[in-house]
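Architecture at a glance
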Amino acid sequence: MSRGERELIAAYVSSLNECRFCFSTHAAIAAAHLDEGMPLVEQACANPSAAPVSGKLRALMDIAGAVQRGGKAVTQRHVDAARALGATDMEIHDTVLIAAAFCMFNRYVDGLATYAPDDPAVYAERARRSDGYVAGLAELQRQA
């Protein structure tokens, strides 16, 4: 998966968990790495089954949504559907890992009442100039 696709999965799970900070951060990064930008990210997070993404990515997002509901919600049907659309075992693994990790990250961030600016432009600017997660976190801490 591309960085944009991985970030889209993180944004999607964060949107399901209603974690504004993680959603806004990872949606902006996904938008910066996907040619279609924020309109695609918003469509995919609102309704992945109708979003203009590949069938493979749609199936992986379906797996991510199942993980968000609970690990045991991922069924063989999910895996078979993703494989049938070209997903590799590594992509399926990474999707489950991203989704599970973001369920934890979302609860961690919200549980600590992390500062989350309301302005989407703040996240977009950071996504354009970020050297990754550590650099972005350091910048947020300096501004808080």
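Placed above this text is the structure.
These lines cover the structure that appears in this document, whether it is placed above or below. Going along each chain's sequence as written, the residues are numbered from 1 onward. The model is predicted, so local features are restricted to residues of pLDDT at least 70 and side-chain atom pairs to those at 80 or more, both for listing and for counting; the totals for chains, interfaces and linings are taken over all residues. To get the side-chain values, take all heavy atoms of the structure and skip hydrogens and water.

Helix length check: helix α1 (residues 3-16) (14 residues) gives 20 Å between terminal C-alpha atoms against 20 Å at 1.5 Å per residue, within 8%. A simple rule labels every residue: compare its accessible area, found with a 1.4 Å probe on the protein chains alone, to the largest value its type can have, and call it buried under 20%, exposed over 50%, or partly exposed in between. Only DSSP runs of H or I reaching four residues or more are called helices, and only runs of E reaching two or more are called strands; each is numbered from the N terminus. By the criterion of burial, α1 is predominantly enclosed, with 10 of the 14 residues buried. Those residues of α1 lying buried are G4, E5, E7, L8, I9, A10, A11, Y12, V13 and S14. Immediately beyond the C-terminal end of α1, within one or two residues, lies E18, with a positive phi of roughly 55°. The length a helix should cover is 1.5 Å for every residue beyond the first.

So, about the state of the cysteines. When two cysteine sulfur atoms lie within 2.5 Å, the pair is treated as a disulfide. Tallied over the full model, the rule gives zero disulfides. Not engaged in a disulfide, the cysteine C19 finds its nearest cysteine sulfur in C22; these two sulfurs lie 3.7 Å apart. Given a relative accessible area of 0%, C19 falls into the buried group. Judged by its relative accessible area of 4%, C22 falls in the buried class.

At a closest axis distance of 9 Å, the pairing of α1 and helix α3 (residues 37-46) adopts a crossing angle of 50°. In terms of axis orientation, α1 runs oblique to α3. Once α1 is placed against α3, the crossing between them reads as right-handed. Between α1, through L8, A11, Y12 and S15, and α3, the contact on the second element is made entirely by V41, A44 and C45. Gly is placed with the polar residues, together with every amino acid not listed as nonpolar (Ala, Val, Leu, Ile, Met, Phe, Trp, Tyr, Cys and Pro) or charged (Asp, Glu, Lys and Arg). Considered class by class, the residues forming the contact of α1 with α3 number six nonpolar, one polar and no charged. Think of each axis as a best-fit line through the C-alpha atoms, taken over the contacting stretch in the case of a helix, with angles from 0 to 180 degrees between the N-to-C directions. The labels follow the angle: roughly parallel below 35 degrees, roughly antiparallel above 145, roughly perpendicular from 65 to 115, and oblique for the rest. Left-handed describes a crossing in which the near helix is turned anticlockwise from the far one by less than a right angle; the clockwise case is right-handed. Note on definitions: a residue-residue contact is assigned when non-hydrogen atoms from the two residues lie within 4.5 Å.

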